[in-house]
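Chain by chain, the residues run as shown.
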Amino acid sequence: MPRNPSTGVYSKPAGTTPSVGQVIDPAPWNALTTDLGNETTVSLPRDDSGACGRSGTNKPVIVPQIGDLLVPRWRGAKTTGSEAPFGAVDDHFILDCHLPPIQRRSSMLKRLVKQVLPSSAVAAVNNWRTRERLYKSWSKAAAAAPAYGDMRLTAFRIERSRRLIGEEKSCVQPPADLLPAMDIPAGRFVDFGGSAGEMCAVLREQYPAWSFTVVETKSMADAAQALRPEISFSDQLPPEFDVFYSSGTLQYLSDPETLWREALSRTTRYAYLARNSFSNRKLFTVQSSRLFDNGAGPVPDGFDNVEIRYPHQTISEASLTGIADEMGFDLAARFEGRNSGVTGTRADVYGADLLFKRR
């Protein structure tokens, strides 16, 4: 694709107008981009002079001629009847003249890539850049984010829950599939990862003869105990209980399988796992959310909606079921399509609620 040295205008080589469906030879395009890249490097001012110098208006300048960095748009490897001939100019760049020369060149080249690549390729690049990052291990993910017990999150959850006292059932409803497990007059219920005890407060109204314990991080347990003294809060599992319940929590533990085995060893009747994040192989990520996305009820004053990050891993459903079988439990019910515990966009991650009953 030759360039007229006197006018600086590029013209397509003779005989390069393609027909419909013809595959375009990339050699002329490669020559053009090389020439443009060289011209970009040598033509941008380095001494604050010229159209893009800082001694001017400090505003973006539209370069008016192709020899001054107008760039042709390549619409793809194959043409259709509606496309312009190869080398036709139908767009141009605006240079960010307030940027230093190196950044100006980088900015222009990024725009060049966007103009050259088909839209499907640009979309693929954007998807790759925003993909969910995977880590090699839990420790690698944990090193990239603070633990779930972030003090800002704990303080926010406590204050938000304080506004729900006496009105918990307006925002929190226990799963209907859990209630048959509470089929005895009195029992001991454990909610592992139960936050400030909102769900236990709802269950306690319905089952006043039962005792309820929430197992949480130490900071959450200490703060929530004063909030709802009728419920027990601890950072350790009780020695024995009748029903074990956990919703959307195991995936935030460093070793969920060991905790699951330990919990079942102390459970006398039923275990219910809700809002799970399952996959056939372990996937370690860092989950990101806004602070106000955590908890239920009115948002309290005095908090900024900052980003909260914490390590996350998927769990093997088969592994949990196998451990339950070893510990003397049968899978009493499996509720398909419960995906509220699934994060990210990976197609191989799924959710299901599981109810186990001791044999």
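Located above this text is the structure these notes cover.
Source: prediction; values computed, not measured. (Residues numbered from 1 in each chain as written. Predicted model: local features only at pLDDT ≥ 70, side-chain atom pairs only at ≥ 80, totals over all residues. Heavy atoms only, no water.)

1. What about the side chain of Asp242?
Item 1. Inspection of the secondary structure puts Asp242 in strand S6 (residues 241-247).
Item 2. Overall, the relative accessible area of 9% leaves Asp242 in the buried class.
Item 3. Side-chain polar atoms of Asp242 contact the backbone nitrogen of Arg188, separated by 2.7 Å.
Item 4. Asp242 has contacts with Ile184, Gly187, Arg188, Thr267, Thr268, Arg269 and Tyr270, leaving out every residue within four places of it along the chain. (Helix = DSSP H or I, 4+ residues; strand = E, 2+ residues; numbered from the N terminus. Buried < 20%, exposed > 50% of the residue type's maximum accessible area, 1.4 Å probe, protein only. Polar contact = N/O pair within 3.5 Å; in protein donor to acceptor, adjacent residues only side chain to side chain. Contact = heavy atoms within 4.5 Å.)

2. Concerning helix H6 (residues 198-206)
Item 1. Among the residues of H6, Glu198, Met199, Cys200, Ala201, Val202 and Leu203 are the ones counted as buried.
Item 2. In this fold, the buried residues of H6 make contact with helix H5 (151-162), strand S3 (188-192), strand S4 (211-215) and S6.

3. Remarks on the pairing of S6
Item 1. Most of S6 sits inside the fold, with 7 of its 7 residues counted as buried.
Item 2. Where S3 meets S6, 4 bridges bridge the pair, whose relative direction is parallel. Paired with Phe189 across the bridge in S6 is Val243.
Item 3. Relative to strand S7 (residues 267-274), S6 runs parallel, the two sharing 6 bridges. Pairing of Phe241 across the sheet is with Thr267, part of S7.
Item 4. Taking the sense of rotation as the criterion, the β-α-β connection linking S6, helix H8 (residues 256-265) and S7 turns out right-handed. (Pairing = 2+ DSSP bridges. Right-handed = clockwise from strand over helix to strand, strands pointing away.)

4. Observations concerning the side chain of Ser279
Item 1. If you trace the backbone, Ser279 turns up in the loop between S7 and strand S8 (284-290).
Item 2. According to the relative accessible area criterion, Ser279 is buried, its value standing at 2%.
Item 3. Of note is the side chain of Ser279, whose polar atom sits 2.6 Å from the side chain of Thr314.
Item 4. Ignoring sequence-local partners within four residues, the contact set of Ser279 consists of Thr314, Ile315, Ser316, Asp348, Val349 and Tyr350.

5. Re the pairing of S7
Item 1. Of all 8 residues that make up S7, 6 are buried, and the element is covered over most of its length.
Item 2. Of the strand pairs in this sheet, S7 and strand S11 (residues 352-358) are connected by 4 bridges, and their pairing is antiparallel. Residue Tyr270 lies in a different strand from S11, and its bridge partner there is Lys357.

6. Brief notes about the packing of H5 against helix H7 (residues 218-227)
Item 1. The interhelical angle for the contact between H5 and H7, taken along N-to-C directions, is 20 degrees, at an axis separation of 10 Å. In terms of orientation, H5 and H7 fall into the roughly parallel class. For the element pair H5 and H7, the recorded crossing hand is right-handed. Contact with H5, carried on its side by Met151, Thr154, Arg157, Ile158, Ser161 and Arg162, involves Ser219, Met220, Ala223, Ala224 and Leu227 of H7 and no other residues of that element.
Item 2. In terms of residue class, the contact of H5 with H7 is built from 6 nonpolar, 3 polar and 2 charged. (Axes fitted to C-alpha atoms, helices over the stretch in contact; angles between N-to-C directions. Parallel < 35°, antiparallel > 145°, perpendicular 65-115°, else oblique. Left-handed = near helix turned anticlockwise from the far one by under 90°. Nonpolar A, V, L, I, M, F, W, Y, C, P; charged D, E, K, R; others polar.)

So yeah, pure geometry; function would need other evidence.
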